[in-house]
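These are the residues of each chain, in order.
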Amino acid sequence: LATSSVQNESRAFNAGAIEAVVTAMSVHADCALVQETASVAMRNLTGGNGKYTAHAGVAGAVEALMEAMRRHTKSSVVQSSAMCALYFLTEDNAENKARALHAGAKRLAKAAVKAHPSKKTLIHKVRDLLTQIGELNVSALTNDVRGHTTDAE
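Position labels on residues start from 1 in each chain and follow its written sequence. The predicted nature of this model means local features are confined to residues of pLDDT at least 70 and side-chain atom pairs, given and counted, to a pLDDT of 80 or more, with totals for whole chains, interfaces and linings taken over all residues. Remark: hydrogens and water are excluded; side-chain values derive from all non-hydrogen atoms of the structure.

Participant: Looking at this structure, I do not really get the pattern of salt bridges. What am I missing?
Facilitator: Side chains carrying opposite charge are able to pair once their charged atoms draw close together. By salt bridge we mean one thing: a side-chain nitrogen of Lys or Arg within 4 Å of a carboxyl oxygen of Asp or Glu. All chains considered together, the criterion is met by 4 salt bridges. Residue Glu-67 is joined to Arg-71 by a salt bridge in which the shortest nitrogen-to-oxygen separation is 2.9 Å. With a gap of 4 residues between them, Glu-67 and Arg-71 both fall in helix H5 (residues 61-71), about one helical turn apart. Each residue's exposure class comes from its accessible area (1.4 Å probe, protein chains only) as a fraction of the maximum for that residue type: buried when under 20%, exposed when over 50%, partly exposed otherwise. In this structure Glu-67 comes out as partly exposed when scored by relative accessible area, which is 30%. One salt bridge in this structure joins Arg-127 and Asp-128, with 3.1 Å as the shortest N-O distance. The way it works is that DSSP assigns letters per residue, a run of H or I at least four long becomes a helix, a run of E at least two long becomes a strand, and they are numbered from the N terminus.

Participant: Where do I start with the packing of aromatic side chains in this structure?
Facilitator: Between two aromatic rings, the relevant description is the distance of the centres plus the angle of the planes. Any Phe, Tyr or Trp ring, taking Trp's six-membered ring, that has another such ring centre within 6.5 Å forms a pair; planes under 30 degrees apart are called stacked, those over 60 apart edge-to-face, and the others tilted. Evaluated as defined, the whole model comprises 2 aromatic pairs. Where Phe-13 meets Tyr-52, the ring centres are 4.3 Å apart and the plane angle is 20°; that geometry is what we call stacked. Here Phe-13, found in helix H1 (residues 6-14), pairs with Tyr-52, found in helix H4 (residues 50-59); they are 39 residues apart in sequence, far enough to count as distant. Both residues of the pair, Phe-13 and Tyr-52, count as buried. Their ring planes at 85° and their centres at 5.2 Å tell us that Tyr-87 and Phe-88 sit as a pair that is edge-to-face.

Participant: Hey, could you run me through unusual backbone geometry in this one?
Facilitator: A negative phi holds for most residues other than glycine; trans holds for most peptide bonds. In the Ramachandran plot, Asp-92 falls in the positive-phi region, its phi being about 55° despite a non-glycine side chain. Counting through the fold element by element, Asp-92 comes out in the loop between helix H6 (76-90) and helix H7 (94-102). With relative accessibility at 77%, the residue Asp-92 sits in the exposed group.

Participant: I would appreciate a short explanation of the packing of helix H3 (residues 32-46) against H6 in the present structure.
Facilitator: Between two packed helices, what matters for the description is the angle formed by their axes and the separation of those axes. Fitted lines through C-alpha atoms serve as axes, helices being fitted only where they are in contact, and the angles separating the N-to-C directions of these axes extend from 0 to 180 degrees. Interhelical geometry of H3 versus H6 gives an angle of 20° and a closest axis separation of 8 Å. The orientation of H3 with respect to H6, classified from their angle, is roughly parallel. Relative to H6, H3 is oriented so that their crossing is left-handed. Contacts between H3 and H6 involve Ala-32, Gln-35, Glu-36, Ser-39, Val-40, Met-42, Arg-43 and Thr-46 from the first element and Val-77, Val-78, Ser-81, Ala-82, Cys-84, Ala-85, Phe-88 and Leu-89 from the second. The class makeup of the residues in the contact of H3 with H6 is 10 nonpolar, 4 polar and 2 charged. Orientation categories follow fixed angle ranges, with anything under 35 degrees roughly parallel, anything over 145 roughly antiparallel, 65 to 115 roughly perpendicular, and all other angles oblique. Here a crossing is called left-handed whenever its near helix is offset anticlockwise from the far helix by less than a right angle, and right-handed whenever the offset is clockwise. The criterion used for residue contact is that any of the two residues' heavy atoms lie within 4.5 Å. Each residue gets one of three labels, nonpolar for Ala, Val, Leu, Ile, Met, Phe, Trp, Tyr, Cys and Pro, charged for Asp, Glu, Lys and Arg, and polar for the others, Gly among them.

Participant: Please explain the nonpolar core as it appears in this structure.
Facilitator: Nonpolar side chains tend toward joint burial in soluble globular proteins. In these notes, a set of buried Ala, Val, Leu, Ile, Met, Phe, Trp, Tyr and Cys residues joined through side-chain atoms within 4.5 Å is what counts as a nonpolar core. Ranked by size, the top nonpolar core spans 37 residues in total, and within it Met-42, Leu-65 and Met-83 carry the most contacts. Where this core is concerned, the elements lending two or more residues are H1, helix H2 (17-27), H3, H4, H5, H6, helix H8 (105-115) and helix H9 (120-132). The element best represented in this core is H5, accounting for 7 residues. The contact partners of Met-83, leaving out residues within four places of it in the chain, are Met-69, Ala-109, Ala-112, Leu-122, Lys-125, Val-126 and Leu-129.

Participant: Whenever I open this one, the packing of H5 against H6 confuses me. Can you help?
Facilitator: Running from N to C, H5 and H6 point in directions that differ by 160°, and their axes come no closer than 9 Å. It follows from the interaxial angle that H5 and H6 lie roughly antiparallel. Our pair here, H5 against H6, has a crossing hand that is left-handed. Of the residues in H6, those in contact with Ala-61, Val-62, Leu-65, Met-66, Ala-68 and Met-69 of H5 are Val-78, Gln-79, Ala-82, Met-83, Ala-85, Leu-86 and Leu-89. Here the contact of H5 with H6 is composed, by residue class, of 12 nonpolar, 1 polar and no charged.

Participant: Help me out: how do you make sense of H1 in this one?
Facilitator: Given 3.6 residues per helical turn, the α-helix brings residues three or four places apart onto the same face. Along H1, the residues classified as buried are Asn-8, Glu-9, Ala-12 and Phe-13. When H1 is viewed along its axis, its buried side chains cluster within an angular range of 135° and face the same direction. Of the residues in H1, the exposed ones pointing more than 90 degrees away from the buried face are Val-6, Gln-7, Arg-11 and Asn-14. Buried positions along H1 lie against H2, H3 and H4. Gly-16 occupies a position one or two residues after H1 and carries a positive phi of about 90°. Here, the arc refers to the directions that run from the helix axis to the C-beta atoms.

These figures capture arrangement, not role.
Shown next as structure tokens:
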């Protein structure tokens, strides 16, 4: 619904959809399906809109997505969905980039690669997120995919 028109995006924003998603992620932190669905919803609610992205950061979306990644390390789908949402939340938003870096985005992204080295879509999302937040080290990422970590983090 939120991706079908600007009017629907505005209605969802004004109705508190971002806060509702952050709350759902917190209340159902141990449910991988909720985390996956909420990550996709956050991406749809905020992607491409600076006002909504900034609001999501203040509402705790970055931290909620990072917590989903921490709790669901075995789910490549949660990892991938959360990283995609984080990518859009950090796009052209220095505050959200700082939040992600402070919350350990680089470490969690690298952990996702180590846990799921055969998931090409996930690897691409890791690369995109690390590029977005200014933390991409191609040789270290390549070594992580191969299982031979050379980077200290």
